[in-house]
Amino acid sequence: MTKPQKQQIGEFVLNNDATYDWTVYPEIPGKGGTRVKVKIGATFKHVTPERRVAVLEEYRNLVKERAKKRDRDEPNDDQDSNEGNDDIEAVRQALGFEGSLLNEVLIGFKYVRDVHGNAVEFNEETKASLLANSWARDALFRGYIKSLGSREDSGN
């Protein structure tokens, strides 16, 4: 049995403009009720915690503005028709924030094909299409959050 080599540990490079590649693995429905694991190569940019909070605040302000507009345009005092809407609105807000954050941090992708098998090139339109896909979006968000967890459990 060979002894594992000790990994070299370098010094931290302070670069708040960093970009990095991260591979995510969505599982999509396959034939006969199976699940097929596929990959997306994402390129993320570093976003400070303060910027992530700012994205959240921008999104919350957008939600508030939409609510004000909705209240002005469509008054509805029927409480029975609003049952369950709080849960729906909470999910809508969470998904909206995920989309806003991913739109901010996702600056490239690879290993994405269209329904005809052609490679999909990254641009704002194809990024929007990718983020509109539930399987891709969920995997990208989970991957981005995981990429932020830079702590190795064996240390400290």
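Before reading further, recall that the structure is shown in the block above.
Residues numbered from 1 in each chain as written. Predicted model: local features only at pLDDT ≥ 70, side-chain atom pairs only at ≥ 80, totals over all residues. Heavy atoms only, no water.

**A look at the nonpolar core**
Ranked by size, the top nonpolar core spans 22 residues in total, and within it I40, F44, L102, L130 and L140 carry the most contacts. Secondary structure elements with two or more residues in this core: β4 (40–45), α1 (49–73), α2 (85–105), β5 (106–110), α3 (124–131) and α4 (134–148). In terms of residues, this core owes the most to one element, α4, which gives five residues. Sequence-distant contacts of F44, defined by excluding residues within four places in its chain, comprise A18, T19, Y20, W22, L102, V105, L106, I107, L140, G143, Y144 and S147. (Core = buried A, V, L, I, M, F, W, Y, C linked by side-chain atoms within 4.5 Å. Buried < 20%, exposed > 50% of the residue type's maximum accessible area, 1.4 Å probe, protein only. Helix = DSSP H or I, 4+ residues; strand = E, 2+ residues; numbered from the N terminus. Contact = heavy atoms within 4.5 Å.)

**Regarding the layout of surface pockets**
Empty space within the largest pocket amounts to approximately 440 Å³. Around the largest pocket sit 18 residues that line it, and V112, R113, L130, N133 and A136 are the ones nearest its centre. Where the lining of the largest pocket is concerned, the elements lending two or more residues are α3 and α4. A total of three residues in the lining of the largest pocket trace back to one element, the largest contributor, which is α3. Classifying every residue of the lining of the largest pocket by side-chain character gives twelve nonpolar, three polar and three charged. (1 Å grid on protein atoms, 1.4 Å probe; cavity = no way out; pocket = protein on both sides within 12 Å on 5 of 7 lines; lining within 4 Å. Points joined across faces, edges and corners; volume = space filled by probe spheres on them. Nonpolar A, V, L, I, M, F, W, Y, C, P; charged D, E, K, R; others polar.)

**Considerations on α3**
For α3, every residue scored as buried is listed here: T126, K127, L130 and L131. Buried residues of α3 fall within an arc of 135° about the axis and therefore sit on the same side. Facing away from the buried side of α3 by over 90 degrees, the exposed positions are E124 and E125. In this structure N123 caps α3, since a side-chain oxygen of it lies 2.9 Å from the backbone nitrogen of E125. (Arc of directions from axis to C-beta. Polar contact = N/O pair within 3.5 Å; in protein donor to acceptor, adjacent residues only side chain to side chain.)

**Here we look at α4**
Over its 15 residues, α4 runs 21 Å from end to end, which matches the ideal 21 Å to within 8%, given 1.5 Å per residue. Among the residues of α4, A136, R137, A139, L140, F141, G143, Y144 and S147 are the ones counted as buried. (Expected span 1.5 Å × (residues − 1).)

**A look at the pattern of salt bridges**
Considering all chains together, one arrives at four salt bridges under this definition. Close ionic contact of R35 with E27 constitutes a salt bridge, the shortest N to O distance being 3.5 Å. On the basis of relative accessible area, R35 is assigned to the exposed category, the value being 55%. (Salt bridge = Lys/Arg side-chain N within 4 Å of Asp/Glu carboxyl O.)

**Notes on the packing of aromatic side chains**
Enumeration over the complete set of coordinates arrives at four aromatic pairs. Ring geometry for Y20 and F44: centres 5.9 Å apart, planes at 55°, overall tilted. One end of the pair, Y20, is in strand β1 (residues 19–24); the other, F44, is in strand β4, and 24 residues separate them in sequence. Given a relative accessible area of 23%, Y20 falls into the partly exposed group. The exposure class of F44 is buried, given its relative accessible area of 0%. Where F44 meets Y144, the ring centres are 5.2 Å apart and the plane angle is 65°; that geometry is what we call edge-to-face. Taken as a pair, F44 in strand β4 and Y144 in helix α4 lie far apart in primary sequence, 100 residues in all. Neither F44 nor Y144 differs from the other in exposure class; each is buried. Linked through ring pairs, Y20, W22, F44 and Y144 together constitute an aromatic cluster. (Phe/Tyr/Trp six-rings, centres within 6.5 Å; stacked < 30°, edge-to-face > 60°.)

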